[in-house]
Amino acid sequence: MTRTTSAARILALAPLFALGLSLAGCKKDAAQPEATATAGAEASEEATEAAPMRVEDWIRANHRDALTSDLGKLQYATAETDLDGDGTPEVLVYLGGPMFCGTGGCNLAVLKRQDGDLVQVSETSVVQLPVGVLDSKSHGWRDLAVTVSGGGMAEGVSRLRFSGRGYPTNASVEVSAGAAAISKPLIAEDALKPLD
């Protein structure tokens, strides 16, 4: 075989080689949108997983009996403030309605955010509105100030101290009839709204 014949064969095969490279490039380009769609779906799943739990979802998950009660509609009010000084606000949830309230008041739950979930720290009964927070601390957590009255109790303000595990289960533990009214309420008297 001569050099001219080899060169002619290479030149004859050159268009086929170029076509093969071109098709390989197209195939690579076609695969990229699929990879992008998969990456987008994974990012969407991560965003869904990372979305923090809403208070309404916590109430539905933890108080189903109150939602299905024939006694009356559940109402609630919320506020957020950093109680333990870690830079992430805790959530205070005032739960109203027949399943949570008596003549002395309703329930106040304190929730902490952990990995996007809301975890209950404590729940205190016989709490009247308004609810506030104090500058004083107990076991590293800020003390809460709640209004108490009714159920045979004189109206006053109760200081709820954190015990290291939670706030008291009953607000009547440290009542001061002569205490000043709560000047900066976190949850005001007219804050309740129905849970839809």
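Residues numbered from 1 in each chain as written. Predicted model: local features only at pLDDT ≥ 70, side-chain atom pairs only at ≥ 80, totals over all residues. Heavy atoms only, no water.

Details of the overall build of the protein
Next, step 1: Per the secondary structure count, the protein includes 3 helices and 8 strands.
Next, step 2: The buried share among the 196 residues of the protein stands at 32%.
Next, step 3: When contacts within the protein are restricted to residue pairs at least 6 apart in sequence, those whose partners lie at least 24 apart make up 47%. (Helix = DSSP H or I, 4+ residues; strand = E, 2+ residues; numbered from the N terminus. Buried < 20%, exposed > 50% of the residue type's maximum accessible area, 1.4 Å probe, protein only. Contact = heavy atoms within 4.5 Å.)

Digging into the sheet that holds strand β4 (residues 117-138)
Next, step 1: Overall, antiparallel pairing links the 8 strands, which are arranged β7-β6-β5-β4-β3-β2-β1-β8 in an open sheet. Of all strands in the sheet, those with a lone pairing partner are β7 (175-176) and β8 (193-194), marking the two edges. (Pairing = 2+ DSSP bridges.)

Notes on the packing of aromatic side chains
Next, step 1: Scanning the model with the defined rule gives 3 aromatic pairs in all.
Next, step 2: Note on Trp 141 and Phe 162: the rings are 4.3 Å apart at their centroids and 10° apart in plane angle, and the pair reads as stacked. Remark: Phe 162 occurs in the loop between β6 (153-160) and β7 and Trp 141 occurs in strand β5 (residues 141-150); sequence separation between them is 21 residues.
Next, step 3: Between Phe 162 and Tyr 167 the ring centres are 5.3 Å apart and the planes differ by 70°, which places this aromatic pair in the edge-to-face class.
Next, step 4: For Tyr 167, a relative accessible area of 5% gives the class buried.
Next, step 5: One aromatic cluster is present, formed by Trp 141, Phe 162 and Tyr 167 through successive ring pairs. (Phe/Tyr/Trp six-rings, centres within 6.5 Å; stacked < 30°, edge-to-face > 60°.)

Quick look at the nonpolar core
Next, step 1: Tyr 94, Leu 108, Val 131, Leu 144, Val 146, Tyr 167 and Ile 187 are the most contacted members of the largest nonpolar core, which totals 21 residues.
Next, step 2: Broken down by secondary-structure element, the contributors of at least two residues to this core are β1 (75-81), β2 (90-96), β3 (106-114), β4 and β5.
Next, step 3: In terms of nonpolar packing, the next biggest core, distinct from the first, is built from 14 residues, Val 55, Trp 58, Ala 66 and Leu 118 among them. (Core = buried A, V, L, I, M, F, W, Y, C linked by side-chain atoms within 4.5 Å.)

Thoughts on the confidence of the model for the protein
Next, step 1: On average, residues of the protein score 79 in pLDDT, and 70% of them reach the 70 mark or higher.
Next, step 2: Every residue in residues 16-33 scores below 50 in pLDDT, and together they form 0 contacts with partners more than four places removed in sequence or on other chains. (pLDDT = per-residue confidence, 0-100.)

Structural notes on the side chain of Asn 107
Next, step 1: Tracing the backbone through its elements, the reader meets Asn 107 in strand β3.
Next, step 2: Overall, Asn 107 belongs to the buried group, its relative accessible area being 15%.
Next, step 3: In terms of polar contacts, Asn 107 uses its side chain to reach the side chain of Glu 123, at 2.8 Å. (Polar contact = N/O pair within 3.5 Å; in protein donor to acceptor, adjacent residues only side chain to side chain.)

Some words on the pattern of salt bridges
Next, step 1: For the structure shown, the criterion picks out 10 salt bridges.
Next, step 2: Between Asp 84 and Lys 112 there is a salt bridge, and its shortest N-O distance comes to 2.6 Å. Of this pair, Asp 84 sits in the loop between β1 and β2 while Lys 112 sits in strand β3, and the two are 28 residues apart along the sequence. Just as Asp 84 is buried, Lys 112 falls in that class too.
Next, step 3: Across the pair Asp 143 and Arg 159 runs a salt bridge whose closest N-O atoms are separated by 2.8 Å. One end of the pair, Asp 143, is in strand β5; the other, Arg 159, is in strand β6, with 16 residues separating them in the sequence.
Next, step 4: Beyond isolated ion pairs, a larger network of salt bridges with shared partners links Arg 54, Glu 56, Asp 57 and Arg 60. (Salt bridge = Lys/Arg side-chain N within 4 Å of Asp/Glu carboxyl O.)

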